[in-house]
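Descriptive analysis of the structure
Residues per chain are reported as follows:
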Amino acid sequence: QLSRLRGHVEKTEQQLEEKRRELTELGIELAHKVNILNERAVAIYKNGEITYLNILVGSTDLRDLATRWLLLSRLVERDATIVKEVKELRQKVSLQKELIEGKKRLLLEEQRQIEEVAAAAQSKRDEIKVRYEQKVALQNQIKSQYNQKKNLKNVVLARYDEKANLLAQARQDEEALEALEEELKKESEAIRARLSERTEGERPAGRLAWPAQGTLTSGFGPRWGRMHEGIDIAGSHGAPIIAAEDGEVVQVNEGYGGGNGKYVVIYHGGGLSTLYAHNSGNAVSVGEKVKRGQVIAYMGSTGNSTGVHLHFEVRINGVPRAPLEYL
Ligand SMILES: [Zn+2]
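Residues numbered from 1 in each chain as written. Predicted model: local features only at pLDDT ≥ 70, side-chain atom pairs only at ≥ 80, totals over all residues. Heavy atoms only, no water.

Quick notes on the UniProt feature "coiled-coil region" (unreviewed entry) in the chain
With numbering matched to this structure, UniProt assigns "coiled-coil region" (unreviewed entry) to residues 2-29 and 107-197. The distance from the first to the last C-alpha atom of residues 2-29 is 41 Å, and the span holds 100% helix and 0% strand. (UniProt positions renumbered as here; feature names shortened; annotations may be inferred. Helix = DSSP H or I, 4+ residues; strand = E, 2+ residues; numbered from the N terminus.)

As structure tokens, then:
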């Protein structure tokens, strides 16, 4: 549409140029005629002010008047012709001017249309550009959101790994604990097996002596899902531990002892025996006869222990019993 309009404008401009040329030619002709008229006037009326009437008024006699009248009428006739021609030419020029004006208006209208089409095209281009920029902005937004989600996912995965590690660690700890308990159980079973063979003698009638000074921190019975086979008395490191009753030392352990650490077992008669564990040191040896109240060991935290304390057991035929019922 734009190229068609432009072709049309070009054609109109050519036509306009032609008309202008014609107008110029007409103008030249008009100027020529006007010139003739002027020359005539100059030639006939020497000072330019003289009118036709003055020619008549200036006559001397009747014959002169007749001659002047004839001349005047010829002049008037010729001048009228020139004037008529001039009028016609002026009309022609005016018509041409109107035609040119018309063409001009048409040309302006076509230019206006071209500008409208061009403006519409520009507006369309602007709109497309805005849409493209909006699309790019949206794409960037989506990309940014995707990256955020990706980062979040990585954080979650990292936390998951951390928890999985903690869980694995906990399982290992649990397994280690179970292994320790298993070890202690075996040690306890071995002690029981040995003590179950000892039944000779009289069981002491009275209550047992407290084996150490300190605070009772744990009683006999189930503890943390397993059986606690004695009582715990917390005290100071190296504090004396005494025999709860007269008896014979039947076992002295100096090593880890399945978690009991350094410990001493004393048989008192009638199937009754006592055990003293986690000692920092033992003061007796196997086969030794001890008296009630005699120092047999010193308080410590050997074996599987988290603080200085005495683990004290009372056993009947090797089976652990609640110590507080005998003390
Ligand atoms: Zn204990």
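Some details on the coordination of the zinc ion
At the metal site, the zinc ion is ligated by His228 (NE2), Asp232 (OD) and His311 (ND1), and these contacts range over 1.9 to 2.3 Å. The sequence pattern describing where the donors of the zinc ion fall on their chain is H-x3-D-x78-H. Of the two residues, histidine 228 sits in strand β3 (residues 226-228) while histidine 311 sits in strand β12 (residues 309-316), which places them 83 residues apart along the sequence. (Donors = N, O, S within 2.8 Å, 3.2 Å for Na, K, Ca; no water.)

Describing a negative patch on the surface
On the surface, Asp173, Glu174, Glu175, Glu178 and Glu182 cluster together into a patch of negative charge. Residue glutamate 174 is classed as partly exposed on the basis of its relative accessible area, which comes to 47%. (Patch = residues over 30% accessible without salt bridge, like charges linked within 9 Å, V, L, I, M, F, W, Y side chains within 5 Å. Areas by Shrake-Rupley, 256 points an atom, 1.4 Å probe, with all protein chains shown as cover. Salt bridge = Lys/Arg side-chain N within 4 Å of Asp/Glu carboxyl O. Lys, Arg positive; Asp, Glu negative; His and termini not counted. Charge placed at Lys NZ, Arg CZ, Asp CG, Glu CD. Buried < 20%, exposed > 50% of the residue type's maximum accessible area, 1.4 Å probe, protein only.)

Concerning the layout of surface pockets
When its volume is computed, the largest pocket comes out at roughly 870 Å³. For the largest pocket, the lining is made up of 36 residues, of which Leu184, Arg223, Arg226, His228 and Asn304 are closest to its centre. Element by element, the count of residues in the lining of the largest pocket is highest for helix α3 (residues 62-196), at 9 residues. (1 Å grid on protein atoms, 1.4 Å probe; cavity = no way out; pocket = protein on both sides within 12 Å on 5 of 7 lines; lining within 4 Å. Points joined across faces, edges and corners; volume = space filled by probe spheres on them.)

Points about the UniProt feature "domain: M23ase beta-sheet core" (unreviewed entry) in the chain
Annotation from UniProt places "domain: M23ase beta-sheet core" (unreviewed entry) at residues 226-323. A helix fraction of 0% and a strand fraction of 53% characterise residues 226-323, whose end C-alpha atoms lie 17 Å from each other.

Here we look at the pattern of salt bridges
One pass over the full model with this rule turns up 11 salt bridges. When the shortest N-O distance is used, the salt bridge between glutamate 116 and arginine 112 registers 2.4 Å. Highlighted residues: glutamate 116 and arginine 112, both in helix α3, separated by 4 residues, approximately one helical turn. With a relative accessible area of 46%, glutamate 116 lands in the partly exposed category. In this structure, a network of salt bridges that share partners links the residues Arg198, Glu200, Glu248 and Lys289.

Things to note about the sheet that holds strand β9 (residues 281-282)
Whether parallel or antiparallel, the strands of a sheet pair through hydrogen bonds between backbone atoms. One open sheet holds the 3 strands; their spatial order is β5-β11-β9, and the pairing between them is antiparallel. Each of the sheet's edge strands pairs with one partner strand only, and the pair in question is β5 (240-242) and β9. Relative to strand β11 (residues 295-298), β5 is paired through 3 bridges, and the arrangement is antiparallel. Note on β11: the bridge partner recorded for isoleucine 241 is alanine 297. (Pairing = 2+ DSSP bridges.)

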